[in-house]
Amino acid sequence: MTRRGVHRLTRYAGSRRRATVFGVLSVGVVAGLVATMMPLLADDAAAAVVAVADTTATTVPQDGDNATKTTLATCPAPCDGNRFGSRDAIVGFTVSGVPATAVNLRATLRVHTWRDATATVTAYASDVDATARRPAPEQLGAALDRVSTVVKGFNEWDVSDLVRGNGDWTVALAQSGLDTRLYWASRENRDPGLHPRLLISYDVGTGTPSASPTPSAAPTTPPTPAAPSPSVEPSLSPSRTPSPVPATTAPPPPTKTPDSGSGRCGTVSDLLVPSCGAWWGMYSPASAATGWDHGKAVTDVEDQVGRRFDVVHRYHDFSNVGSNGAFPDAYQQEQMREGRIPFFAWESRIFSSGTVLTWADVYSGRHDGTIDAVAGRIRAVGSPVFMGFDHEPEDEPAKGSDADFVRAWRYVHDRFEAAGANNAVWVWVMMGWSGHYDRYAGLYPGDRYVDWVGYDPYNFHVCNGSTVWKSPHDTVGGFYRWLDEHRLGVGKPRMLAEFGTNLHPGDPNAKRRWFEEFPAALKAHPKIKAAIYFNSAGMTRKAGDCDMTMNHNASAVAGFAQAGRDSYLRQPTPTVKPR
């Protein structure tokens, strides 16, 4: 949510992450799973498989043969006035192809419905036969996960506590809080795109899996330019829900070989890829009111949420002076000493004067002194750091053509390389908006020049005039799928270089729930290895129906803090010791 959008890309290092999508269950009070899990693909692509069986468990005889219906149903008792009318959705899976060396296995169930509903649907382990015509509801097994508000489209549950590897697994989804039926797409639905899915992901170890890492603090970063002159906070433009577009020509295959990694949780590759889970980061802007203290801007938020951030994000300019241009500054030096990973987002402009450089200005050699000075300071850090150049270039028409951007990116990258600043980990950041899908292949500098792929997804809701409330899964999923389908940046880790959500004017707890559900969305998109919250209004407004910050009220803070406690987002950070 910086200036007008944000996206970033990462080159994958560490143990290769495997992911497979499996046909999954329908929804209701009980959902059973029985689908075939195909062997995972070497290039991390996902494969969708239809569930082998699903049905609705109920004692209502009028329902007929539920095993052949195109929908599944969930409903508590009493249901639509019938005290014997409860219904549970049942779906079954047979998982195979997971190697014995698999570690950190995650299983996420996704089921589609056609309406929003104020209802809670909980996933349980189940012994119900998913092939039966109309089985009676049975005692529910262990609770696995719940969705506190049903949204139109796919809803998801983390069922990792049940699905531990190869075998047959059945899940039951139970509904409460709404005493009328909800219908879900079954495996018999005529639209294959709506069939239930199970997403399985894991890391491949090289030996005996190690114990889970001890949670460690994570760093945060503010995204405002620094003193001495007032910094200009990046602006943001409303994003739109990505829609399918014609395929573009795929780039050539990667020329870099991703690091193999140890395959054990708790390790970090030379390209800053955690072997398990994902980094939790923050952009928290400083202001004149606080004396442009970029350190306090981060630690104040850390105090609110009860943890240190892994990644601290800041925007810098081409002035080569002060905190805006002569980076890393004293605040960042201190943050690195305390264990945070810096992300230097370098913009070809001068914040204090508002001057905008063109990409031709950059690759013409006119600013080589600035480029070389920054490269020298980055080299002197002596440890890997995240480095970006002109995030969201698709929204910068005044700077030049897409080809000009690619030429400028490569020029800056090559000068860093020549200066020996090989510790710069390059993050390519796009908006990720569907309206620019036809441009991304032409904006990609090439695998040799990019280490991470990043993008900036937002649930703006009313802030950009939309009436759509996007779940975390829908917010991050659009460009993620496009990258997979068009094979851009294959094998590279992905970063949410900015992400955020608005409040919901009609539901005071919606933002809290959104944050609480966010870790599950990351687990369902395992190539995302870092997520950085953009804690600023950016180009939006602050009003009763619009506030994109995560700490505007106690409820939002509580939800964000809960997300940050998830073990998936508590990975040990590498030691960065600036000179």
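Residues numbered from 1 in each chain as written. Predicted model: local features only at pLDDT ≥ 70, side-chain atom pairs only at ≥ 80, totals over all residues. Heavy atoms only, no water.

Peer 1: Quick question: what am I supposed to make of the state of the cysteines here?
Peer 2: Each disulfide consists of a covalent bond between the sulfur atoms of two cysteine residues. Tallied over the entire structure, the rule returns three disulfides. Across a sulfur-sulfur distance of 1.9 Å, C265 and C276 are joined as a disulfide pair. Given an S-S torsion of about -80°, the disulfide between C265 and C276 has left-handed geometry. Pair noted here: C265 is in the loop between β14 (218-220) and β15 (279-283) and C276 is in the loop between β14 and β15, with a separation of eleven residues, a long-range link. (Disulfide = S-S within 2.5 Å. Helix = DSSP H or I, 4+ residues; strand = E, 2+ residues; numbered from the N terminus.)

Peer 1: Looking at this structure, I do not really get the nonpolar core. What am I missing?
Peer 2: Most often, soluble globular proteins have nonpolar side chains that are buried together. Judged by nonpolar contacts, the single largest core of 67 residues is most densely connected at M387, F389, F416, W428 and Y440. If one sorts the elements of this core by residue count, helix α6 (residues 402-418) sits on top with six residues. Residues V95, V150, L162 and W184 belong to the second largest nonpolar core, which totals 33 residues. (Core = buried A, V, L, I, M, F, W, Y, C linked by side-chain atoms within 4.5 Å. Buried < 20%, exposed > 50% of the residue type's maximum accessible area, 1.4 Å probe, protein only.)

Peer 1: What is the right way to look at the packing of helix α8 (residues 472-486) against helix α9 (residues 510-523) in this model?
Peer 2: Each packed pair of helices is defined by two parameters, the angle between the axes and the distance between the axes. Viewed as axis vectors pointing N to C, α8 and α9 meet at an angle of 45°, and their least axial separation amounts to 8 Å. Judged by the inter-axis angle, α8 sits oblique to α9. Counted together, P472, H473, T475 and V476 of α8 and W514, E517, F518 and A521 of α9 form the full contact between these two elements. Looking at side-chain class alone, the contact of α8 with α9 contains five nonpolar, two polar and one charged residues. (Axes fitted to C-alpha atoms, helices over the stretch in contact; angles between N-to-C directions. Parallel < 35°, antiparallel > 145°, perpendicular 65-115°, else oblique. Contact = heavy atoms within 4.5 Å. Nonpolar A, V, L, I, M, F, W, Y, C, P; charged D, E, K, R; others polar.)

Peer 1: Where do I start with the packing of aromatic side chains in this structure?
Peer 2: What describes a pair of aromatic rings is the distance from one ring centre to the other and the angle between the planes of the rings. For the structure on display, the rule yields 37 aromatic pairs. Ring centres of Y437 and Y440 lie 6.4 Å apart, and the angle between their planes is 55°; on these two criteria the pair is classed as tilted. Comparing Y437 with Y440, the two get one shared label, buried. By way of ring pairs, the aromatic residues F318, F327, F344, W346, W359, F389, F405, W409, F416 and W426 are connected into one cluster. Over the face of the ring belonging to Y449 we find R448, whose NZ or CZ atom lies 4.4 Å from the ring centre. For the cation-ring pair, R494 lies above Y480, with the distance from its terminal atom to the ring centre recorded as 4.6 Å. (Phe/Tyr/Trp six-rings, centres within 6.5 Å; stacked < 30°, edge-to-face > 60°. Lys NZ or Arg CZ within 6 Å of the ring centre and 35° of its normal.)

Peer 1: Just checking my understanding: could you explain α9 for this structure?
Peer 2: Turn by turn, an α-helix covers 3.6 residues, leaving residues three or four places apart pointing in a common direction. Under the 1.5 Å per step criterion, the end-to-end length of α9 is 21 Å for 14 residues, consistent within 8% with the ideal 20 Å. For α9, the principal kink sits at E517 and spans about 35°; a proline, P519, occurs within the next four residues. Burial runs high along α9: eleven of the 14 residues are buried. Residues of α9 that are buried include every one of A510, K511, R513, W514, F515, F518, P519, A520, A521, L522 and K523, and no others. (Expected span 1.5 Å × (residues − 1). Bend = angle between axes of the 7 residues up to and from the residue.)

Peer 1: Would you mind showing me how to read the packing of helix α5 (residues 368-381) against α6 here?
Peer 2: Where α5 contacts α6, the axes come no closer than 9 Å and their chain directions differ by 50°. In this view, α5 runs oblique relative to α6, as classed from their interaxial angle. Crossing hand, α5 versus α6: right-handed. Within the contact between the two elements, α5 uses D368, I371, D372, V374, A375 and I378 and α6 uses Y411, V412, R415 and F416. Within the contact of α5 with α6, the residues separate by chemical class into seven nonpolar, no polar and three charged. (Left-handed = near helix turned anticlockwise from the far one by under 90°.)

Peer 1: Can you walk me through the pairing of strand β11 (residues 167-176) in this structure?
Peer 2: Across a regular strand the side chains alternate sides, sitting on one face of the sheet and then on the other. Among the ten residues in β11, seven count as buried, and that is most of the element. Bridge count for strand β6 (residues 87-95) against β11 is seven bridges, and the pairing is antiparallel. Bridge pairing links G92 to T170 in β11. Relative to β11, strand β8 (residues 120-125) runs antiparallel, the two sharing six bridges. (Pairing = 2+ DSSP bridges.)

Peer 1: When you look at the environment of F386 in this model, what are you seeing that I'm missing?
Peer 2: As for its placement among the helices and strands, F386 is situated in strand β20 (residues 385-389). Sequence-wise, F386 and V312 are 74 residues apart; in three dimensions their C-alpha atoms are separated by 9.7 Å.

Peer 1: Can you help me understand the pattern of salt bridges in this one?
Peer 2: Charged atoms that come close allow side chains of opposite charge to pair. For the structure on display, the rule yields 27 salt bridges. For R439, the salt bridge goes to D402, with nearest N and O atoms at 2.5 Å. Taken together, the residues R439 in the loop between β21 (424-430) and α7 (440-443) and D402 in helix α6 connect sequence positions 37 residues apart. Relative accessible area serves as the criterion here: at 22%, R439 is assigned to the partly exposed category. (Salt bridge = Lys/Arg side-chain N within 4 Å of Asp/Glu carboxyl O.)

Peer 1: What is the right way to look at the pairing of β15 in this model?
Peer 2: A large share of β15 lies buried, amounting to five of its five residues. Neither face of β15 is open: one carries W279, G281 and Y283, the other W280 and M282, and all of them are buried. By the bridge criterion, five bridges tie β15 to strand β25 (residues 528-534) in an arrangement that is parallel. The residue of β25 that forms the bridge with G281 is I532. Judged from the two bridges that link them, β15 and strand β16 (residues 309-316) form a sheet pairing that is parallel. The partner of M282 across the bridge, within β16, is V312.

Peer 1: So what exactly am I meant to see when it comes to unusual backbone geometry here?
Peer 2: Phi is mostly negative for residues that are not glycine, and the peptide bonds are mostly trans. A cis amide bond links A77 with the next residue in sequence, P78, at an omega value of 0°. With an omega of 0°, the peptide bond between F327 and P328 qualifies as cis. At W292, a residue that is not glycine, the phi angle is positive and equals roughly 55°. On the secondary structure map, W292 appears in the loop between β15 and α1 (294-305). Positive phi outside glycine occurs at E392, with the angle close to 50°.

Peer 1: Please clarify how the confidence of the model for the chain should be interpreted in this entry.
Peer 2: Note: predicted coordinates in regions of low pLDDT should not be interpreted at a detailed level. On average, residues of the chain score 82 in pLDDT, and 80% of them are at 70 or above. Here residues 1-48 is a poorly scored stretch, pLDDT under 50, and it has 345 contacts once near neighbours within four places are set aside; other chains count. Predicted confidence for residues 207-263 stays below pLDDT 50, and this span has 222 contacts to residues more than four positions away or in other chains. (pLDDT = per-residue confidence, 0-100.)

Peer 1: Teacher, can you tell me more about the environment of N166 here?
Peer 2: Relative to the helices and strands, N166 is located in the loop between β10 (153-158) and β11. Residue classification places N166 among the partly exposed residues on the basis of a relative accessible area of 42%. Those residues in contact with N166 that sit more than four places away from it in its chain are V95, S96, G97 and V98. Polar contacts involving the side chain of N166 include one to the main-chain amide nitrogen of V98, which spans 2.9 Å. (Polar contact = N/O pair within 3.5 Å; in protein donor to acceptor, adjacent residues only side chain to side chain.)

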